[in-house]
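Overview (structure and organization)
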Amino acid sequence: MKPSLILFLLSCLLAAETISAQQVDKYASQRQMMIEEIASDASRLVKYIDKDSVSDRVMQSMATVPRHLFIPPEMRDEAYENRPLPIGYGQTISQPYIVALMTDLLQPQPDHKVLEIGTGSGYQAAVLSGLVKEVYSIEIIDKLGLTAKRVLKQLGYDNVSTRIADGYDGWPEHAQFDSIIVTAGISHIPPPLVKQLKNGGTMVIPVGTRFQTQQLTLVKKDLNGAITTKQILPVIFVPFTGGH
Amino acid sequence: MSPSDQTPPLSAIFVLSAAALAYEVLLVRLFSIIHWHHFAFMVISIALLGYGASGSMITVFQRGLLQRYGSVLVFNAVMFGLSAIVCFIAVQQLPFNALEILWDTSQWQRLFISYLLLTLPFFFVANAIALTMARYSDRIALVYGVDLIGAGIGAIAILVLLQFYPPDAVLRIVGVLGIMSGMLAIKQLACLGRLLVSTLLALLTVIIIFAPADWLTLRLSEYKGLEQVLLINGTRHLQRHSNSISQIDVVESKAIPLRNAPGMSLLSPSGTPDQLAVFRDGDEMTTIDQHKDTESLVYQDYMSSVLPYHIHHAPQKVLILGSTTGNELLQATLHNAAHIDAVEPDTSLTKLITEDYAEYFGWDRISDRISFHNISPRGYAASTEEKYDIIVTGVPGGSSGGAAGVHALATSYNFTIEALEKYLSLLEPDGLLSITFWTSTPARGNLRLFATAVEALRNHGIDLPGNNMAWIRSWNTATLIIKNGALSEDDNKRIRDFSTSRAFDVAWLPDIKEDEVNRFQLLQQPIYYMAARSLLSPASKDFIDSYKYHIKSVSDNNPYFNNSFKWSSLPELLGISGRGGIAMIDVGYPTLLFTLVQAVIAAVVLILLPLAFVRRNEKPGLSRRRNIVIYFVSIGLAFLFIELAFIQKFTLILSQPLYAVAVTLCAFLIFSGLGSLYAQKKMSTSSPEHIHRLLNRSVTLICTITLIYVFAFPHITDTIMAMSEAARITAAILLAAPLSFAMGMPFPLGLTATRRNDPQLMPWAWGINGCASVLSAILAILLAIEIGFSGVMLTAIFFYALAWVSQPVSS
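Residues take numbers from 1 onward in each chain, read along the sequence in its written order. Lettering for chains starts from A, numbering for ligands starts from 1, and both go in the order in which the items are written. Only residues with pLDDT of at least 70 get local features here, since the model is predicted, and only at 80 or more are side-chain atom pairs given and counted; chain-wide, interface and lining totals rely on the full set of residues.

Turning our eyes to something else, we now look at the overall build of chain A. Within chain A, the secondary structure is distributed over 7 helices and 9 strands. With C-beta atoms placed from the backbone, a residue is labelled by how many other C-beta atoms lie within 10 Å of its own: buried for 20 or more, exposed for 12 or fewer, partly exposed between the two. Residue burial in chain A is summarised as follows: out of 244 residues, 49% are buried. Taking all contacts inside chain A whose residues are at least 6 apart in sequence as the whole, residues at least 24 apart take part in 55%. Each helix is a run of DSSP H or I of at least 4 residues and each strand a run of E of at least 2, with the numbering of both proceeding from the N terminus. Note on contacts: each residue gets a C-beta atom placed from the backbone, and two residues are in contact if those atoms are within 7 Å.

Listed below in structure tokens is the structure:
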């Protein structure tokens, strides 16, 4: 091989490395900006989530998950914008702010086992992966579930187990769960999921369309197994402020 | 031969006008199916500006175009037929996502391209008609009359066609009609190489008829419920039925149950049986339960909507208003209702449970107790003399989780003050009216219902309406009970027991205590209870004013129940848009306003632009130009204001929105066309004095009749609604006939006068009127939301008066 050719190939490799490194930097800085935006927005929610911010652990996890790898390549430049993005099959990857809130409401702990209904892109499972011991995620649309499974495996989220199935029945083989997150559209809260929730556990259900989360339903099962639900707006908005 | 010696190509104009109006109605259906109704309204409103664009273009190029009139007419007619199909296919290829429009700026570019594409067919039609008027300028009223009559026939024809053929097939028919009108023009004008061109057009017709079905297959938004369900393994599309008001799809999911049970209690001992999903226009899913035995339907007893049967055991007579796919029927039969009258205006839904899937639904087991009535709830309520123990309204399809406010622009007469009063009058003593809605966060629709019910009870002579009302809510539904009489202690106990045993929250009872609300489904504020207490108090107005959504009671004059948008809340919601505020904005009203802004900008450009091209020595003085603008804008606005107000009034009278649209459009356009023909006949000489006199008479007549109707409608509505169907349709036509006959005159009279004074500006005036018509359709809804339909009609009178003052002939 001619030295000039070798030099050319080496230059190409170096250039590719440089571009790749620049992209990594670009995404890392975008991710950091996204985290700062979420922190700023969430700090105003003190009244609603009974604390002054989203927990540091949740924010750290979101700061490490490469969101851009969970969406179609042509949309990667928009990956860290604070908005939902289409991922095909009529599904979306949720708005980062909403992901942060939902994850925080689950109060994830390192020894927790979490069930997710609606794997979607796999991003929510990836965020949970760094926060809990095990994540079990169910997707009803097979193509979507298979893609998410592949991405999660490639990125090394080994504590996430996925399956293609109907999420309504939960995953009885691995019950009980410390928390459950339901991102699929439902007309009522599925009783099997409530049964698979540990006493003292929490379930979160976002309600709305694919591009608009109108509210979050927080289902709490107390230590005696009694259930209460709470409707939480993702933002401070009091529709009625009169003195009645 | 000079143009005055020739007969205008009336048959071609007739067919073309019919096809154009049919296309307009068809596009609303097509876009309602592939996207959502309010976007359909926006896209098509803007596309109609093709009429304005045509006027501008002809103003500039009319000399050249008129010299080749025959060829140009044929070209435009054929291009309408072709573009009607090709442009729709092109729009379907655009990856436009209506739901993403608030997030993604590239959606706006796609929307803009959609506008441009859909403007084309209307541009070609308008060219053909305007050039014909310019060519036969001594018979403008004749051409216009035929145009209107053709459009009237097109309005009725499209509704009939859509009853029997799917929308994509009807699109081919519209395309062929465009080509046909071109062939008719060739035949009549003996232009072009008649044989060669006719052969080519015949070939084109064959291509349209036999074009691959895939080209025209409707590609629904992937975010619509139907598309999402079909992605699930094991689902099977069983049936599609299409008519002029909806497309119904039935889907089976054998491997994975659908499990639709709005707000089912967590304490239900069993889940749902197998179900079939039913979608209307690809969304708003409802389900048909497989009724094997009573056991399989136990879950129905754990919905909030079943409450009335726990207060009033074993009712003799039950009325279900909006029985859709039969859930409320099952609840009534499970609770031993002796007889059920089921009211459902959409026969295709009734047919699903009584014929197509009768065995699945168990129709034979319950049919002996049920009578169906194919009429609107208001129509039935007005015509029946029966009395009921329980009246139930069906839970609407879909959920409040749908895009906020997408139904904001749809009128509904089923939950107005007048409607609730009527339902109350059908109750036996101690009978119950039960209404279940989906809840939304923040609450609005349910609060509006409560406010409306309070007013209806007061109008019904109840001084303390709170004593007759109960309100409970589940996770995502709320059920309001209104009793014909005060709720007893025993009633209150039953409601409490029912709610507690299902973990539902009580939001209102006559003896409610503050500590018993907001126990199971916690809200950040117990807003339902707070609202009930406030709306029943003397301070209800303060509460309504201070609430951040529009929750004032709804009347027949302003029946936009689903529009809860309030201007004062917008800055706050926009300020928090990145944190979820967008989802709390009811998008219907802002979409309408945004459409108006776009239309105004486009209209101003289209109106002003041609003046730059008119030669200085041909340009009339400022006052004449101003008069032309004011006159044609005024009659363009006023005509549609009245027409749209009539569609609403007739929706109530005729009990079927479909009949209302068909009768109104047909009657208005045909009688207006006859009015225009009458004007042509009277104009033996188009002297200014003659036109002036005729115009005076027609405007006086329009204003007088409209004024009478504004005050008479509320008084005659109930009388007409109680008549037989044939009598109601006849009455509606008789009401529309004299007014629309007079309304057919001002436009051709004004155009004739313009032609006489400033012939080069006649196409310009046509374009101005086209632009005004587009603005009118949007403004009429905005005005109706703000001041009601009577206000819209009074505004129309004002514009007719303004037109009279600025009539071109007087200059």
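Helix and strand content of chain B: 29 helices and 13 strands. Here chain B has a C-alpha radius of gyration of 28 Å; the compact-globule value for 811 residues is 28 Å, and the two agree. Taking the principal axes of the C-alpha coordinates as reference, chain B spans close to 90 × 55 × 55 Å. Within chain B, the fraction of its 811 residues that count as buried is 61%. Within chain B, counting contacts between residues at least 6 apart in sequence, those at least 24 apart form 79% of the total. For a compact globule the rule gives 2.2 Å times the number of residues to the power 0.38, and the radius of gyration it is set against comes from C-alpha atoms.

All names here are of chain B. Once the domains are mapped, chain B shows domain 1 (1–220), domain 2 (225–287), domain 3 (296–566) and domain 4 (614–811). Per the annotation, domain bounds derive from an automatic or database assignment of domains. Each of domain 1 and domain 4 has a C-alpha centre, and the two are 23 Å apart. Going through the elements one at a time, helix H3 (50–67), helix H5 (106–135) and helix H6 (140–164) are the ones with two or more residues in the side of domain 1 that touches domain 4. The element best represented in the side of domain 1 that touches domain 4 is H6, accounting for 13 residues. Three classes are used, and their members are as follows: Ala, Val, Leu, Ile, Met, Phe, Trp, Tyr, Cys and Pro are nonpolar, Asp, Glu, Lys and Arg are charged, and the others, Gly among them, are polar. Residue composition of the side of domain 1 that touches domain 4, grouped by class: 19 nonpolar, 10 polar and 2 charged.

Residues and elements named next belong to chain A. Pairs of strands are assigned from DSSP output, requiring at least two bridges between the strands. One ladder, built from 4 bridges, connects strand E6 (residues 177–182) with strand E7 (residues 197–209); its direction is parallel. Pairing of Ile181 across the sheet is with Val204, part of E7. Count of turn residues in the E7/strand E8 (residues 212–221) antiparallel hairpin: 2 residues.

The subject of this paragraph is the interface of chain B and chain A. Contacts between chain B and chain A engage 52 residues on the former and 42 residues on the latter. Taken together, the elements giving at least two residues each to the side of chain B that touches chain A come down to helix H10 (225–230), strand E13 (521–522), helix H20 (527–535) and helix H21 (540–546) of chain B. Ranked by residues supplied to the side of chain B that touches chain A, first place goes to H20 of chain B with 4 residues. Of the residues assigned to the side of chain B that touches chain A, the class counts are 26 nonpolar, 18 polar and 8 charged. In this structure, strand E9 (residues 227–232) of chain A lies alongside E13 of chain B, joined through 2 bridges in parallel fashion. Across the sheet, residue Lys230 of chain A finds its bridge partner in E13 of chain B, namely Leu522 of chain B.

For the rest of this paragraph, the subject is the sheet that holds strand E3 (residues 275–280) of chain B. All names here are of chain B. Overall, antiparallel pairing links the 4 strands, which are arranged E1-E2-E3-E4 in an open sheet. Every other strand in the sheet has two partners, leaving strand E1 (235–242) and strand E4 (283–289) as the edge strands with one partner each. Recorded for the sheet is a direction-independent mean angle of 25° between the axes of neighbouring strands. For E3 and E4, the ladder comprises 5 bridges, and the chain directions are antiparallel. The residue bridging Ala277 from the neighbouring strand is Thr287, located in E4. Note on geometry: axes are lines fitted to C-alpha atoms, helical ones only across the stretch in contact, with angles between N-to-C directions running from 0 to 180 degrees.

Moving on: the environment of Arg135 of chain B. Along the chain, the position of Arg135 of chain B falls in helix H5. Assessed through the 21 C-beta atoms surrounding it within 10 Å, Arg135 of chain B is described here as buried.

What follows covers the sheet that holds strand E7 (residues 370–373) of chain B. Residues and elements named next belong to chain B. The 8 strands lie next to each other as E7-E6-E5-E8-E9-E11-E10-E12, forming an open sheet whose pairing is mixed. Both edges of this open sheet fall to E7 and strand E12 (505–508), since each of them pairs with a single strand only. Between one strand axis and the next, the sheet turns by 20° as a mean value, whatever way the strands run. By the bridge criterion, 5 bridges tie strand E5 (residues 317–321) to strand E6 (residues 339–343) in an arrangement that is parallel. Along E6, the bridge assignment pairs Ile320 with Ala342. Sheet strands touched by helix H18 (residues 445–459): strand E9 (427–438), strand E10 (469–473) and strand E11 (477–483). Its angle to E11, the strand with the most contacts, is close to 5°.

Our next topic: unusual backbone geometry. All names here are of chain A. Note the cis peptide between Ala175 and Gln176, where omega equals 10°. Relative to the elements of secondary structure, Gln176 occurs in the loop between strand E5 (160–164) and E6. Residue Gln107 is not a glycine yet carries a positive backbone phi of 50°.

All names here are of chain B. Taking 1.5 Å of rise per residue, 12 residues should cover 16 Å, and helix H28 (residues 746–757) covers 16 Å from first to last C-alpha, within 8% of that figure. Most of H28 sits out of view: 10 of its 12 residues are buried. The set of residues buried in H28 consists of Pro746, Phe747, Pro748, Leu749, Gly750, Leu751, Thr752, Ala753, Thr754 and Arg755. For a helix, the expected span equals 1.5 Å multiplied by the residue count minus one.

Bringing H20 of chain B into the picture now. All names here are of chain B. Burial analysis of H20 places 9 of its 9 residues in the buried class, the great majority of the element. Among all positions of H20, only Ile527, Tyr528, Tyr529, Met530, Ala531, Ala532, Arg533, Ser534 and Leu535 are buried. In this fold, the buried residues of H20 make contact with H18, E10, E11, E12 and H21.

Bringing the packing of helix H4 (residues 69–93) of chain B against H5 of chain B into the picture now. All names here are of chain B. Running from N to C, H4 and H5 cross one another at 160°; their axes reach a closest spacing of 8 Å. One element, H4, and the other, H5, form an angle in the roughly antiparallel class. Considering only the axes of H4 and H5, their crossing is left-handed. Each of Tyr69, Val72, Leu73, Asn76, Ala77, Met79, Phe80, Ser83, Ala84, Cys87, Ala90 and Val91 in H4 lies in contact with H5, whose residues at this interface are Ser114, Leu117, Leu118, Leu120, Pro121, Phe124, Val125, Asn127, Ala128, Leu131, Thr132 and Arg135. Across the contact of H4 with H5, the residue classes tally to 18 nonpolar, 5 polar and 1 charged. Working rule for angles: under 35 degrees goes down as roughly parallel, over 145 as roughly antiparallel, 65 to 115 as roughly perpendicular, anything else as oblique. Working rule for handedness: look at the near helix, and if it is turned counterclockwise from the far one by less than a right angle, call the crossing left-handed; if clockwise, right-handed.

Once that is clear, we can look at the packing of H18 of chain B against H20 of chain B. Residues and elements named next belong to chain B. With their axes 10 Å apart at the nearest point, H18 and H20 run at an angle of 25° to one another. Classified by the interaxial angle, the pair formed by H18 and H20 is roughly parallel. For the pair H18 and H20, the sense of crossing is right-handed. Contacts from Asn446, Leu447, Phe450, Ala451 and Val454 in H18 reach Tyr528, Ala531, Ala532 and Leu535 in H20.

Before going further, it helps to examine the nonpolar core. Remark: nonpolar core denotes a set of buried Ala, Val, Leu, Ile, Met, Phe, Trp, Tyr and Cys residues whose joining runs through C-beta atoms within 7 Å. Counting residues in each nonpolar core, the largest one holds 288 residues, and the members touching the most others are Leu49, Phe450, Trp471 and Phe641 of chain B. With 26 residues, the single largest contributor to this core is helix H29 (residues 762–805) of chain B. The residues contacting Leu49 of chain B, other than those within four sequence positions of it, are Thr119, Ala599, Ala602, Ala603, Leu606, Cys771 and Val774 of chain B. Ranked by size, the runner-up nonpolar core spans 68 residues in total, among them Ala42, Tyr97, Leu144 and Val182 of chain A.

We now examine the environment of Leu644 of chain B. Residue and element names in this part refer to chain B. Relative to the assigned elements, Leu644 resides in helix H24 (residues 622–654). Judged by the 22 C-beta atoms lying within 10 Å of it, Leu644 falls in the buried class. On a C-alpha basis, the gap between Leu644 and Gly675 in space is 19 Å, while along the polypeptide they are 31 residues apart. When residues no more than four places from it in sequence are discounted, the contact partners of Leu644 are Ala777 and Ala780.

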